[in-house]
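Summary of the model geometry
Chain by chain, the residues:
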Amino acid sequence: MFTVPANFSRRRAAFTLLEIMLAVAILAMMSLAIYRFVSTNLIALRISTDANLTDERYAGFVRLLSTEWSSLPTGSGALLGEPIKQNGRSRDEITWTCGAGPGLLTRYATGEFHVSLRLRPIAKSGDQMELGLARTVFDPNRKSDGPESWVPLLSGVDSIQIRYFDPRLNVWVEKWTDTITLPRLVKVIIGRPDSSVPWETIVALARTPL
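Treat the numbers as computed from the prediction; the structure is a model and nothing was measured. (Residues numbered from 1 in each chain as written. Predicted model: local features only at pLDDT ≥ 70, side-chain atom pairs only at ≥ 80, totals over all residues. Heavy atoms only, no water.)

**Some details on the sheet that holds strand 10 (residues 185-191)**
Here is the rule we go by: By definition, two strands form a pair when at least two bridges between them are found by DSSP. Secondary structure elements follow DSSP: runs of H or I of four or more residues count as helices, runs of E of two or more count as strands, with numbering from the N terminus. In this analysis an axis means a line fitted to C-alpha atoms, helices contributing only their contacting stretch, and an angle means the value between N-to-C directions, from 0 to 180 degrees.
Taken in spatial order, the four strands make up an open sheet running 9-8-10-11, and their pairing is antiparallel. Each having just a single partner strand, strand 9 (171-173) and strand 11 (199-204) make up the two edges of the open sheet. In this sheet, neighbouring strand axes are inclined to one another by 25 degrees on average, regardless of whether the strands run parallel or antiparallel. For strand 10 and strand 11, the ladder comprises six bridges, and the chain directions are antiparallel. Bridging across to strand 11, Lys187 finds its partner in Ile202.

Written out as structure tokens, the structure reads:
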């Protein structure tokens, strides 16, 4: 009569080396898949957060311009625009005269200011640009304005193009020199190194006498 050794069932219940290696390989592939899934979702979340922050910055920029330009008076050279090119890219500037207020980013200053929206390098020896306000105190008794202060608004900007809608001609123009009448609309187009499509907004001026 055939007799089964006592330790035979114990040997059959144990895993072979090949089975263990297959199990480890499956666990490794599952771990890699889970890591890639989590990593992809974290990257997507970070990109989405960065995009939302950029959108908020630009939305605040539009609110600032709308608040400032819609309150400008006419008949005093309140707004002048000049198209400028540097290294083949638009570096347009727009200048206006105003008093203290939200658009000037100060409420307690006295007198009037000349304010210019322009691009300038973040560092003297760098290529990165930032968009901001250059503010100088306007003194009618002096031949030139006082010292200039700089307020940065947007970083990571390559170019800025400004166009003005002239209701008398019913066209967009690249330069504004009329010291009596304000343009009806101001279009601001900003080129960014992180996007192939430039950002664009149109600001309506409330006081636009014809």
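**Re the environment of Trp176**
Rules: We call two residues in contact whenever any of their non-hydrogen atoms come within 4.5 Å of each other. By the criterion applied in these results, polar contacts are pairs of N or O atoms within 3.5 Å in which, for protein atoms, one can donate a hydrogen and the other can accept it, and in which residues neighboring in sequence qualify only through two side-chain atoms.
For Trp176, the location among the structural elements is in the loop between strand 9 and strand 10. The spatial distance from the C-alpha of Trp176 to the C-alpha of Glu82 is 6.8 Å, given a sequence separation of 94 residues. With residues up to four places along the chain from it excluded, the contact list for Trp176 reads Leu79, Leu80, Gly81, Tyr164, Phe165, Asp166, Arg168, Thr181, Leu182 and Pro183. Among the polar contacts made by the side chain of Trp176, one reaches the main-chain carbonyl oxygen of Asp178 at a distance of 3.3 Å.

**Observations concerning the sheet that holds strand 7 (residues 148-155)**
Pairing is antiparallel in the open sheet, where five strands are placed in the order 1-4-5-6-7. If you trace the sheet from one side to the other, it starts and ends with strand 1 (79-82) and strand 7, each paired once. Pairs of neighbouring strands in the sheet enclose a mean axial angle of 25 degrees, with direction left out of account. Here strand 6 (residues 129-138) runs beside strand 7; their pairing, made up of seven bridges, is antiparallel. If you follow Glu130 over to strand 7, its bridge partner there is Ser155.

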